[in-house]
Amino acid sequence: MRSFLVSAAFIASAFSPTLASAAEGDFLKTLAGSWSGNGTVLTRIGGKPINVVCDFTSTAGATTLSMQGNCRGLLVVRRSISADLQASDRGYSGTYVGPSGQPSVLSGNRRGNAINLGVRWARVINGDRVANMTIEKIGNDRLRLQTVDKDLSSGKPVVTSRIDLSR
């Protein structure tokens, strides 16, 4: 009976929010640092992709991730971008401020090395206010930021931004 109680206590503690937060904190801390790279951005579905060059700095705590950066495209256009996330036992939530300067709402979960987020835009973009965003760690020194929106005319998903970064 005693070994059963010890086993039950161990199993219960393995799934406690404290340990889950520690695991998230360990993951989030791997995303901290300076990142730079390039990618493409669509200003509207069906439009021509714009090549961008981006620099980001991210800081992380036990349950937080904050990313601030700038992306440059078309040689003269420079836009500030930021995301602030909070991890809890229910997943991730936070805000994203893109080129419009208006904060959009983020919520989602982590699966493996990717934080998968639903976005609720501050205004209508591509015909609606929803999209998906992924922050994916690739190996030790690479990071991919990707946004996927739905083409309302075809119903198919379209990658509207993909930025590959490295340390």
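About the cut-offs
Residues numbered from 1 in each chain as written. Predicted model: local features only at pLDDT ≥ 70, side-chain atom pairs only at ≥ 80, totals over all residues. Heavy atoms only, no water. Pairing = 2+ DSSP bridges. Helix = DSSP H or I, 4+ residues; strand = E, 2+ residues; numbered from the N terminus. Axes fitted to C-alpha atoms, helices over the stretch in contact; angles between N-to-C directions. Buried < 20%, exposed > 50% of the residue type's maximum accessible area, 1.4 Å probe, protein only. Polar contact = N/O pair within 3.5 Å; in protein donor to acceptor, adjacent residues only side chain to side chain. Contact = heavy atoms within 4.5 Å. Salt bridge = Lys/Arg side-chain N within 4 Å of Asp/Glu carboxyl O. pLDDT = per-residue confidence, 0-100. Phe/Tyr/Trp six-rings, centres within 6.5 Å; stacked < 30°, edge-to-face > 60°. Lys NZ or Arg CZ within 6 Å of the ring centre and 35° of its normal.

1. Digging into the sheet that holds strand S3 (residues 64-73)
Here is step 1: Pairing within the closed barrel is antiparallel, and its ten strands lie in the order S1-S2-S3-S4-S5-S6-S7-S8-S9-S10. Averaged over all neighbouring strand pairs, the angle between strand axes comes to 25 degrees, with direction disregarded.
Here is step 2: Alignment of strand S8 (residues 128-138) against strand S9 (residues 142-150), held across seven bridges, turns out to be antiparallel. Across the sheet, Met-133 pairs through a bridge with Thr-147, a residue of S9.

2. A few points about the pairing of S3
Here is step 1: Summarising the sheet, strand S2 (residues 50-60) and S3 pair through nine bridges and their orientation is antiparallel. Of the residues in S3, the one forming a bridge with Val-53 is Arg-72.
Here is step 2: Hairpin geometry of S2 and S3 is characterised by an intervening segment of three residues between the two adjacent antiparallel strands.
Here is step 3: In this structure, S3 lies alongside strand S4 (residues 77-88), joined through ten bridges in antiparallel fashion. Its bridge partner being in S4, Thr-64 is matched across the sheet by Gln-86.

3. So, the side chain of Ser-66
Here is step 1: Mapping Ser-66 onto the fold places it in strand S3.
Here is step 2: When its relative accessible area of 14% is taken as the criterion, Ser-66 is described as buried.
Here is step 3: In this structure the side chain of Ser-66 is engaged in a polar contact, spanning 2.6 Å, whose partner is the side chain of Gln-68.
Here is step 4: Residue contacts for Ser-66: discarding those within four places in its chain leaves Thr-57, Ser-58, Thr-59, Ala-83 and Asp-84.

4. Here we look at the pattern of salt bridges
Here is step 1: Applying the stated rule across the entire model yields six salt bridges.
Here is step 2: A salt bridge links Arg-110 to Glu-24; the shortest N-O distance between them is 2.9 Å. Of this pair, Arg-110 sits in strand S6 (residues 103-111) while Glu-24 sits in helix H2 (residues 17-29), and the two are 86 residues apart along the sequence.
Here is step 3: With relative accessibility at 16%, the residue Glu-24 sits in the buried group.
Here is step 4: Asp-164 is paired through a salt bridge with Arg-162; the nearest N and O atoms lie 3.6 Å apart.
Here is step 5: The structure contains a network of salt bridges with shared partners spanning Arg-144, Arg-162 and Asp-164.

5. Brief notes about unusual backbone geometry
Here is step 1: Here Asn-126, not a glycine, exhibits a phi torsion of approximately 55 degrees, which is positive.
Here is step 2: Position of Asn-126 relative to the elements: it lies in the loop between strand S7 (114-125) and S8.
Here is step 3: You can call Asn-126 partly exposed: its relative accessible area is 22%.

6. A look at the confidence of the model for the protein chain
Here is step 1: Considering every residue of the protein chain, the mean pLDDT works out to 88; 86% of them sit at 70 or more.
Here is step 2: When the criterion is pLDDT under 50, residues 1-19 qualifies, and its contacts beyond four places in sequence or with other chains add up to three contacts.

7. What about the packing of aromatic side chains?
Here is step 1: What the rule picks out here adds up to one aromatic pair.
Here is step 2: Their ring planes at 65 degrees and their centres at 6.0 Å tell us that Tyr-96 and Trp-121 sit as a pair that is edge-to-face. Here Tyr-96, found in strand S5 (residues 91-97), pairs with Trp-121, found in strand S7; they are 25 residues apart in sequence, far enough to count as distant. Trp-121 carries the same exposure label as Tyr-96, and that label is buried.
Here is step 3: If you follow Arg-110 out to its NZ or CZ, it ends over the ring of Phe-27, 4.3 Å from the centre.

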